[in-house]
Amino acid sequence: MNPSPSLLRPARLLGPACIGLCAGIGLSMTPAHAASHTATKAPAAIAATVTPPTPPVQVGDPLPSYKMKAGAMVCGDRRRMDVRVEGKNDSVIDLTWKGHHYLLQRKPTTTGAYHFDDQKAGLVMIQIPAKSMLFDKKDMMRLADDCNPIAATKVVAAQ
């Protein structure tokens, strides 16, 4: 079936109608300009003008470049704490502080330091290559500073 010529006529008149409509609302568009907008762009031209969306920034947990210190530790003020890694990885530690045991979960950081947190007890342990520190998050106090494994402390003292 061929469409009747009267059905094709409105499609031919669409271009001038758009030009008249655009002129009526204050847009100036010449017939040549209107014809250029009806032509499709080449796929390469479209690809050149479209920029891909940038992926969202991921705040990762860079792996520390040092091994986590664990075991019995002595701190700068002679206080002691004990850090034991739970399981096969270092995502949970068992911290013994003042005779109480706390399970601290590892939290992601952007610095590569070890950061462990016990939300319920309010304890936070941060470990950097030089030392470990224990904080009371509820009272915003540092409970222990300059904590290092006792074995490492004895080696340094013997030198």
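See above for the structure.
Here is what the cut-offs are and how they apply
Residues numbered from 1 in each chain as written. Predicted model: local features only at pLDDT ≥ 70, side-chain atom pairs only at ≥ 80, totals over all residues. Heavy atoms only, no water. Helix = DSSP H or I, 4+ residues; strand = E, 2+ residues; numbered from the N terminus. Buried < 20%, exposed > 50% of the residue type's maximum accessible area, 1.4 Å probe, protein only. Contact = heavy atoms within 4.5 Å.

Caption draft 1: Quick look at unusual backbone geometry. A positive phi is found at K98, a non-glycine position, where the angle reads about 55°. Mapping K98 onto the fold places it in the loop between β3 (92-97) and β4 (100-106). Classification of K98 by relative accessible area gives exposed; the value is 60%. Of note in this structure, M140 is not a glycine but carries a positive phi near 55°. In this structure, M140 sits in the loop between β7 (131-136) and β8 (141-149).

Caption draft 2: Quick look at the environment of A121. Positionally, A121 belongs in the loop between β5 (114-118) and β6 (123-128). Under the relative-accessibility criterion, A121 is labelled partly exposed at 27%. Remark: the alpha-carbon pair of A121 and D136, spanning 15 residues in sequence, is separated by 8.4 Å. The residues contacting A121, other than those within four sequence positions of it, are Y102 and K138.

Function cannot be read off these values alone, since they describe shape.
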